[in-house]
Amino acid sequence: MNTPQALLNWLRAWGRAGRFALVGGAAVLSPSSYTPISRSVSVKQIYFTAYQVLPAYVFFATLLGLVVAHITVAVMRSFGLTQYALELVFRALVLEVAPILTALFVALRSGAAISTEIALMQVSGELEEMRRRSIDPFEREFVPRIVGVAFAMASLTILGSALMLLLAYVAMYGILPWGFEAYTRAIALVFDPLAIAGFALKCFVFGILVAMIPIAAGLDATREIKSAPVAVMGGMVRLFSALAFVEIMSLAVKYA
Amino acid sequence: MEPEQRFTPLPRHLQFRIGLTLGLALMLAIGFIGYVLYARGFFQATQALTLVAENAQGVSIGDDVSFAGFPVGTVKRISLGEDGRARIDVEVPLKDARWLRASSVFTLERGLFGGASIKAYTGNLRDAPLPGGAVRPVLRGDTSEEIPRLVASVRGILDNVDQLTSTGGNLQAGIANLRVVTERAAGKQGAVGALLGEEEAHKLVNTLERTNALLSSLNELVDRAGGLVTKTEQRVLSPGGVLDGTEQAVVQVNAILGDVRDMLKRADGVLADAEQVSGNAKAATKDLAALRSEVDANVRKISGLIDEINRKWPFERKNDIRLP
């Protein structure tokens, strides 16, 4: 496969992912997609994506948050810049690390699984069968997964961020309540409406990417069994590059 | 295989737990928004304060205005006023406004790094409270601006020191003068010469020498008088003789001698004074003048006395007294 061909395939794959995102978005927004079955699938998806990973996620987030917050506070203290420590922890840990950590966690844990599941459906002809039986695969399979992953992403990000806010307090002031006022001021300083809106937007985009790209990649598989790993792998690579791109763009917009 | 049959919904208790998780996340999000609103002072009444600065460099929105190290206000807006001065709009929560009084002073300080810090100082907490919407000037202290100024003034000081210590400088001249003084103090007239100058010291030394001479001649005189007294005892002792007058004269001579002794003591004192570096040269000269006039008066008295003795003394005709 020569380079222009590879580039073309790469662009086509992105094009398919984009098209799927548009159609999927429209399906998510149309009320007819929400049937009792799709709701049930959504709940199941949330169960797999958010509830099952919760202990591991909380453990990982706590470990990372504790280490990063502690190092930041200790270094700032040794430089005599304690007044900037909390701001730095909020900006780095809560606004940047928590969303990308959640996105990567969900992508690894559920994105890969969803992508494989869809690819296998494609290989086994299950989706074909559905279409033949005039059942909309969007309604039955895709929208519940998109919605489930989105909800899971949102709740995991919120839980992780809250956990890291708490860890920042503990790293800075210990478990005593006397730092509350200073902490509140740091919160007021960092979380202005623009920052919160930017944070929400970034989390939203992460959610869309993590929900859409694996399903779109799964659809890239054909009836050939060997096409499934290729499709899943391509999807995961696309997902990571998209997440990195969004993160870099958000940093650039915020600080450049 | 029918999809409807293939699908098995989650058990109820798991669905409940998922609902709980989602609900917790939702509550955390809402709670956090509320907390941020609280932190940003959405729920508390504030009063406005405008600080006017020459230069608002380093000040950014959200900076604290601190009082005694505790933030009492937040910078909300920075603008350039019509008069070309920076206007820093500060929001002070009403509960913290009591720290700011009408007489409060505001400073804007800038460290070597980091932003500027605005500080409020209230000398008297019983003054009238700061009215809402007050406009106050802010004094600026800028470390990075101060350093060049500091270096410039240090350079000035170093230049001065250089001038003082250079050859022909003030310090050198002063040391040279001091050397002259010490040389003079070590010279013939000693510290007196150094203090009074050569001429005055000369006069003082002369006076002392004359006093010495006078004393020695008085001694001589008294010796002679003593000799005469023994020689002519009998004649003199005769009642109604010259003795009465002579006794008086001798008493007078004694008194004069006492005076002279006092005078010499005082001269000693003057010398001691003069030797003291801290002694007042002017006072010493004044003392000297008085001393001299006293010496003169005493000398006059002595010569008068001798005249009188000679008048009463039948066998001595020499009626002058040699003065040094």
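Here, the structure is the one placed above.
Everything numeric here is computed off the predicted structure, so don't read it as measured data. (Residues numbered from 1 in each chain as written. Chains lettered and ligands numbered in written order. Predicted model: local features only at pLDDT ≥ 70, side-chain atom pairs only at ≥ 80, totals over all residues.)

### Topic: the overall build of chain B
At step 1: From N to C terminus, chain B includes 8 helices and 7 strands.
At step 2: For chain B, the share of sequence-separated contacts (at least 6 apart) that also reach a separation of at least 24 residues comes to 61%. (Helix = DSSP H or I, 4+ residues; strand = E, 2+ residues; numbered from the N terminus. Contact = placed C-beta atoms within 7 Å.)

### Brief notes about the overall build of chain A
At step 1: Scanning chain A for helices and strands turns up 9 helices and 0 strands.
At step 2: For chain A, the N- to C-terminal ordering of α and β elements is α-α-α-α-α-α-α-α-α.
At step 3: Looking at the 256 residues of chain A, the share that counts as buried comes to 43%.
At step 4: Look at the contacts in chain A between residues 6 or more apart in sequence, and 84% of them connect residues 24 or more apart. (Buried ≥ 20, exposed ≤ 12 C-beta atoms within 10 Å, placed from the backbone.)

### Quick notes on the environment of Val 170 of chain A
At step 1: For Val 170 of chain A, the position within the fold is in helix H6 (residues 137-173).
At step 2: For the pair Val 170 of chain A and His 70 of chain A, spaced 100 residues apart in sequence, the C-alpha separation works out to 8.9 Å.

### Details of the packing of helix H4 (residues 82-124) of chain A against helix H8 (residues 193-218) of chain A
All names here are of chain A.
At step 1: Here H4 crosses H8 at 20 degrees, and the two axes come no closer than 6 Å. With respect to H8, the axis of H4 lies roughly parallel. Once H4 is placed against H8, the crossing between them reads as right-handed. (Axes fitted to C-alpha atoms, helices over the stretch in contact; angles between N-to-C directions. Parallel < 35°, antiparallel > 145°, perpendicular 65-115°, else oblique. Left-handed = near helix turned anticlockwise from the far one by under 90°.)

### Re helix H4 (residues 170-186) of chain B
At step 1: Between its terminal C-alpha atoms H4 of chain B stretches 24 Å, which fits the 24 Å expected from 17 residues at 1.5 Å a residue.
At step 2: With 0 of its 17 residues buried, H4 of chain B lies for the most part at the surface. (Expected span 1.5 Å × (residues − 1).)

### Concerning the interface of chain A and chain B
At step 1: Listed by partner, the interface residues are 24 residues for chain A and 21 residues for chain B.
At step 2: Where the side of chain A that touches chain B is concerned, the elements lending two or more residues are helix H2 (36-51), H6 and helix H7 (180-190) of chain A.
At step 3: Top contributing element to the side of chain A that touches chain B by residue count: H2 of chain A, with 8 residues.
At step 4: Classifying every residue of the side of chain A that touches chain B by side-chain character gives 18 nonpolar, 3 polar and 3 charged. (Nonpolar A, V, L, I, M, F, W, Y, C, P; charged D, E, K, R; others polar.)

### As for unusual backbone geometry
At step 1: Notably, Ser 134 of chain A is not glycine yet its phi reads approximately 50 degrees, a positive angle.
At step 2: We classify Ser 134 of chain A as exposed; it has 6 C-beta atoms within 10 Å.
At step 3: Phi at Ala 68 of chain B takes a positive value of approximately 55 degrees, unusual for a residue other than glycine.
At step 4: By the element assignment, Ala 68 of chain B lies in the loop between strand S2 (64-67) and strand S3 (70-80).

### Notes on the pairing of S2 of chain B
Residue and element names in this part refer to chain B.
At step 1: As judged from the 4 bridges shared by S2 and S3, these two strands associate in the antiparallel manner. Bridge pairing in S3 links Phe 67 to Phe 70.
At step 2: Counting the residues between successive antiparallel strands, the hairpin from S2 to S3 contains 2 residues, one of them, Ala 68, with a positive phi of roughly 55 degrees.
At step 3: Summarising the sheet, S2 and strand S6 (residues 116-121) pair through 3 bridges and their orientation is parallel. Pairing of Val 65 across the sheet is with Ile 118, part of S6. (Pairing = 2+ DSSP bridges.)

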